[in-house]
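# Working through the structure, step by step
Here's the letter readout for the chains.
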Amino acid sequence: MTSSPWTHHRSAGVADDVDFEIKGQELQFVEIELDPGESAVAEAGALVWKDATVDMTTVFGDGSGGQGAGFMGKLLGAGKRLITGESLFTTVFTHQGQGKARVAFASPTPGAILPLHLADIGGTLICQKDSFLAAARGVSIGVQFQRRVMTGLFGGEGFIMQRLEGDGWVFVQMGGTVVERELAPGEQIHVDTGCLAAYTPTVDFDLVMAGGVKSVFFGGEGLFFARLTGPGKVWVQSLPFSRLAGRMLAAAGGQGGQNRGEGSILGDLGDLIGGNR
C-alpha cells in the first residue's frame, strides 16, 4: 500500500510542530503524533481514538490561549466560535507520558481533510463556517465578516466565515475532492458559491451574475458565481455537504435543496423541467 501524500514529520528546532498522516481516501481521518507536552485541539466529537497517555480536556473557547487567561478573554474566544456555528467548547489533547503518542480525528461528512501550515500561507486562512476539524495548539479560530452586502446575502456562506490564524498546522474538512488554485495578480476564476471552501486574505471575494436571463432561470446554477481575484490561493471543493444533503432529501421524497449549486430560482418547476423530479 502506498503511503499517503499528506504526511509530515517534525522539523528539528521548530516550535509547536507535530507529526501527522492523513489516512483513507473518501472517508478520511488524520492521525497526529505528539511528543511529551505537545497538544492538539479539535472540535468536540471529532475523536476517533487516542493512546492512553494522551489526556483529554474540554476548554471554553478555541483552546489557543491567545485570548488571555481572564474570563472575558475566554468568553470572547467562545463567542467567536458560537457566531460561526461551532460549539462553545473545544477539546485539547495533551501527551502526558514518555516517547511518542497518537490521537486521531475524523470528519463527520464524506470528503477530504486538508492539512495546511499557516506560516506557509501568510498566517491566515478564511474558510467556510464548519470546516475546522483540528489543529496544533496555538491556532486561533476567529470570525471573518463579509463587508459587501451582496456577497453576504448570496455568497453561499453568508456574512460570516471562519478565520484561522497562527503559525502551526491546521486540518480543515472539505466535501468531495479538493483542488488548490494559485491565482496570479489580477487573475480571476468563477466558482459555484457552495464549492468555495477556503482562500487566503489576499484574494478578493466578490460575486458575478451567472449569465443571462435564460441561464438564471433554467441553468440550475443560481443567480451568482463567486468571483475570486488574485493574488493568493483558493481551495475549491467538488461536493458541498449542502448539495449532497439536498440530493438525499430529494431522493427520499422530501422538499430538499437544489441538486446543483444554488439551483434554479424556479424551484420545483425548474426541477421538473431539468428532469430532477
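All chains use their own residue numbering, which begins from 1 and follows the written sequence. Local features in a predicted model are, by the rule used here, given only for residues with pLDDT of at least 70; side-chain atom pairs are given and counted only at 80 or more, and totals for whole chains, interfaces and linings are based on all residues. The side-chain values count all of the structure's non-hydrogen atoms but skip hydrogen atoms and water molecules.

## Describing the overall build of the protein chain
Under the scheme used here, helices are H or I runs from DSSP no shorter than 4 residues and strands are E runs no shorter than 2 residues, and both carry numbers assigned from the N terminus. The number of helices and strands found in the protein chain is 5 helices and 20 strands. Here's how the labels work: a residue is buried when its accessible area is under 20% of the maximum for its type, exposed when over 50%, partly exposed in between, all with a 1.4 Å probe on protein chains only. Expressed as a percentage of the 277 residues in the protein chain, the buried residues total 47%. Across the protein chain, the fraction of contacts at a sequence separation of at least 24, relative to all contacts at a separation of at least 6, is 73%. Split by element, the accessible area of the protein chain, about 13,300 Å² in all, is 58% carbon and sulfur. Contacts are residue-level and defined by heavy atoms, with any inter-residue pair within 4.5 Å sufficient. Accessible surface is estimated by sampling points in the Shrake-Rupley manner with a 1.4 Å probe; for residues, cover comes only from the protein chains shown.

## Things to note about the sheet that holds strand β16 (residues 188-192)
Hydrogen bonds between backbone atoms are what pair the strands of a sheet, whose relative direction is either parallel or antiparallel. For two strands to be treated as a pair, DSSP must find no fewer than two bridges joining them. With antiparallel pairing, 3 strands are arranged side by side in an open sheet as β16-β19-β18. Single-partner strands in this sheet number two, and they are β16 and β18 (204-209). Looking at each pair of strands side by side, their axes are set apart by 35° on average, direction ignored. An axis is simply a line fitted to the C-alpha atoms; with a helix, the fit covers only the stretch in contact. Between two such axes, the angle follows the N-to-C directions and lies from 0 to 180 degrees.

## Looking at the sheet that holds strand β10 (residues 124-127)
The strand order across the open sheet built from 6 strands is β12-β13-β10-β17-β20-β15, with neighbouring strands paired in antiparallel fashion. On the outer flanks of this sheet lie β12 (140-145) and β15 (178-183), each paired with one strand and no other. Direction aside, neighbouring strands of the sheet carry axes that sit 25° apart on average.

## Details of the packing of aromatic side chains
A pair of Phe, Tyr and Trp rings is counted when the ring centres sit within 6.5 Å of each other, with Trp represented by its six-membered ring. The angle between the planes then sorts it: under 30 degrees is stacked, over 60 is edge-to-face, the rest tilted. This structure, assessed with the given rule, holds 4 aromatic pairs. Taken together, the aromatic side chains of Phe-20, Trp-169 and Phe-171 make up a single cluster linked through ring pairs.

## Description of the nonpolar core
Throughout, nonpolar core names a set of buried Ala, Val, Leu, Ile, Met, Phe, Trp, Tyr and Cys residues whose side chains join them through atoms within 4.5 Å. Judged by nonpolar contacts, the single largest core of 20 residues is most densely connected at Phe-20, Val-30, Ile-32, Phe-105, Leu-133 and Phe-171. Of all the secondary structure elements, the ones that give two or more residues to this core are β2 (19-23), β3 (29-34), β4 (39-43), β8 (101-106), β11 (132-136) and β14 (169-175). With sequence-adjacent residues up to four places away left out, Ile-32 is seen in contact with Val-18, Asp-19, Phe-20, Ala-40, Ala-101, Arg-102, Val-103, Phe-105 and Phe-171.

## A look at the environment of Trp-235
Position of Trp-235 among the secondary structure elements: in strand β20 (residues 232-237). Considered as a pair, Trp-235 and Ala-197 are 38 residues apart in the sequence and their alpha carbons are 5.6 Å apart. The definition of a polar contact used here is a pair of N or O atoms within 3.5 Å, where within protein one atom must be able to donate a hydrogen and the other to accept one, and adjacent residues in sequence count solely through side-chain atom pairs. At a separation of 3.1 Å, a polar atom in the side chain of Trp-235 contacts the side chain of Glu-180.

## Focus on the pairing of β8
A regular strand places its side chains so that they alternate between the two faces of the sheet. Relative to β8, β3 is paired through 6 bridges, and the arrangement is antiparallel. Along β8, the bridge assignment pairs Glu-31 with Ala-104. Where strand β5 (residues 47-50) lies against β8, 3 bridges are found, and the strand directions are antiparallel. Among the inter-strand pairings, Leu-47 is bridged to a residue of β8, identified as Phe-105.

## Some points on the pattern of salt bridges
Pairs may arise between side chains of opposite charge once their charged atoms sit close together. Salt bridge, as used here, is a side-chain nitrogen of Lys or Arg placed within 4 Å of a carboxyl oxygen of Asp or Glu. Scanning the entire structure with this criterion turns up 10 salt bridges. When the shortest N-O distance is used, the salt bridge between Arg-227 and Asp-206 registers 3.2 Å. Taken as a pair, Arg-227 in strand β19 (residues 224-229) and Asp-206 in strand β18 lie far apart in primary sequence, 21 residues in all. Each of the salt bridges in this network shares a partner with another, and the network as a whole consists of Asp-19, Lys-23, Glu-31, Glu-33, Asp-35, Lys-100 and Arg-102.

## A word on the confidence of the model for the protein chain
pLDDT is a residue-level measure of predictor confidence that goes from 0 to 100. Of the residues in the protein chain, 66% have a pLDDT of 70 or more, and the chain-wide mean is 76. Every residue in residues 148-156 is under pLDDT 50, and counting partners more than four places away or in other chains gives 25 contacts. Predicted confidence for residues 259-266 stays below pLDDT 50, and this span has 34 contacts to residues more than four positions away or in other chains.

## Quick notes on the environment of Lys-100
Residue placement: Lys-100 occurs in the loop between β7 (89-95) and β8. On the accessibility criterion, Lys-100 (44% relative accessible area) is partly exposed. Expressed as a C-alpha distance, the spacing of Lys-100 and Glu-33, which sit 67 residues apart in the sequence, is 6.6 Å. Once residues lying within four places of it in the same chain are set aside, the contact partners of Lys-100 are Asp-19, Glu-33, Leu-34, Asp-35 and His-95. A distance of 2.6 Å separates polar atoms of two side chains, one belonging to Lys-100 and the other to Asp-35.

## Quick look at unusual backbone geometry
In the segment running from Gly-230 into Pro-231, the intervening peptide bond is cis, with an omega of 20°. Along the chain, Pro-231 turns up in the loop between β19 and β20.

## A closer look at the side chain of Glu-31
Along the chain, Glu-31 falls in strand β3. Classification of Glu-31 by relative accessible area gives buried; the value is 12%. Polar side-chain contacts of Glu-31 include one of 3.3 Å to the side chain of Lys-23. Polar contacts involving the side chain of Glu-31 include one to the side chain of Arg-102, which spans 3.5 Å. Among all residues touching Glu-31, those that are not within four sequence positions of it are Asp-19, Phe-20, Glu-21, Lys-23, Trp-49, Arg-102, Val-103 and Ala-104.

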